Amino acid sequence: VFSPAKVQAAGIPVVHAVQEPGEFVITFPRSYHSGFSHGFNIAEACNFALADWVPMGRLAVRHYETVARDNCFSQEEIILRAAAAPEKLDAQACLLLAADLRIIAEQAQIDLETFLSLPGVSKAQVVVLSEEHQRYNCAVSRRLCHVSAVVCESEACRLEAEKARIEARRVFAKERAALIAVGVDPAGIVESDPQHQVVLPRFADELCDCKLSNLRMVVWFTEEMILALCARLEARREVLLRPAAEV
């Protein structure tokens, strides 16, 4: 948090509000905000958005990637899950989600072509997985790899991953013992899975120094799968926009 005076000195408008009990404060997209408490209180923050936020969310995702900032959630996951149930959406939501799906599909194809363009890489190194398979954040951009990712299957990287898991278990055991020592029940403490070294396909050449033949591109959603969801949204929108007499 920095002084609002610095923002004002740069010619950026600043407003302030005092939130009273029972009141809501809503911030708009791309608006920097911060706050502090005047005393003891219980407050809750919740991320929510309407359909017309989707284009703004896409801008935020692109910006976060350039500065390697962790995302609060995966926009790809939200859009793909919503598109899987078009009967719950209105015409405007179908239009906006379909447009974002086309962006996701285009990026999926670009990522595939980028990976296959690496020297010595072949289609045999591309594997399609079920949607239930666990995802991890990209080690370069910090974005969740929800559509596809690249991993290294070399012995060196496998051993590095195993070392990370062993260290995570050691830290977990130490923290659990410390809680027990002070009389705190550690039952609610969950052991974390260490971050696997994975990247979005467009950062494949930055993953490690191993041979490119050790790389594998795992895909959860192909371009064809995404465009199929897009077609369902567009069909749903057409139905909603028909005159009542034609439905």
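For the structure itself, look to the data block above.
Residues numbered from 1 in each chain as written. Predicted model: local features only at pLDDT ≥ 70, side-chain atom pairs only at ≥ 80, totals over all residues. Heavy atoms only, no water.

**Observations regarding the side chain of Q75**
Relative to the helices and strands, Q75 is located in helix α3 (residues 75-83). A relative accessible area of 1% means that Q75 is categorised as buried. At 3.4 Å, the side chain of Q75 and the backbone nitrogen of R58 are in polar contact. Side chain to side chain, Q75 and D100 meet in a polar contact 3.4 Å long. Sequence-distant contacts of Q75, that is, excluding residues within four places in its chain, are made with W53, V54, G57, R58, V61 and D100. (Helix = DSSP H or I, 4+ residues; strand = E, 2+ residues; numbered from the N terminus. Buried < 20%, exposed > 50% of the residue type's maximum accessible area, 1.4 Å probe, protein only. Polar contact = N/O pair within 3.5 Å; in protein donor to acceptor, adjacent residues only side chain to side chain. Contact = heavy atoms within 4.5 Å.)

**Quick look at the pairing of strand β4 (residues 215-219)**
Counting buried residues along β4, four of its five residues qualify, which places the element largely inside the surrounding structure. Bridge count between strand β1 (residues 126-128) and β4: three bridges; the pairing is parallel. When the sheet's bridge partners are listed, V126 is paired in β4 with M217. (Pairing = 2+ DSSP bridges.)

**As for the state of the cysteines**
For the structure on display, the rule yields zero disulfides. Between C72, a free cysteine, and C46, which holds the nearest cysteine sulfur, the sulfur-to-sulfur gap is 11 Å. C72 sits in the exposed class, given a relative accessible area of 66%. Sulfur of C210: no disulfide; nearest cysteine sulfur belongs to C208 and is 3.8 Å away. (Disulfide = S-S within 2.5 Å.)

**Observations regarding the nonpolar core**
Counting 42 residues, the largest nonpolar core has L101, F115, V150, L215, I226 and L233 as the members making the most contacts within it. Contributing elements (two or more residues each) for this core: α3, α4 (91-116), β2 (148-152), β3 (198-199), β4 and α6 (223-241). In this view, I226 contacts L80, L101, I104, A105, A108, V147 and F221; residues no more than four positions away in its chain are not counted. (Core = buried A, V, L, I, M, F, W, Y, C linked by side-chain atoms within 4.5 Å.)

**Brief notes about α3**
Considered for burial, the residues of α3 that qualify are Q75, E76, I79, L80 and A83. Looking down the long axis of α3, one finds its buried residues gathered within 120° of arc, a one-sided arrangement. In this structure, the buried residues of α3 make contact with α2 (54-66), α4 and α6. (Arc of directions from axis to C-beta.)

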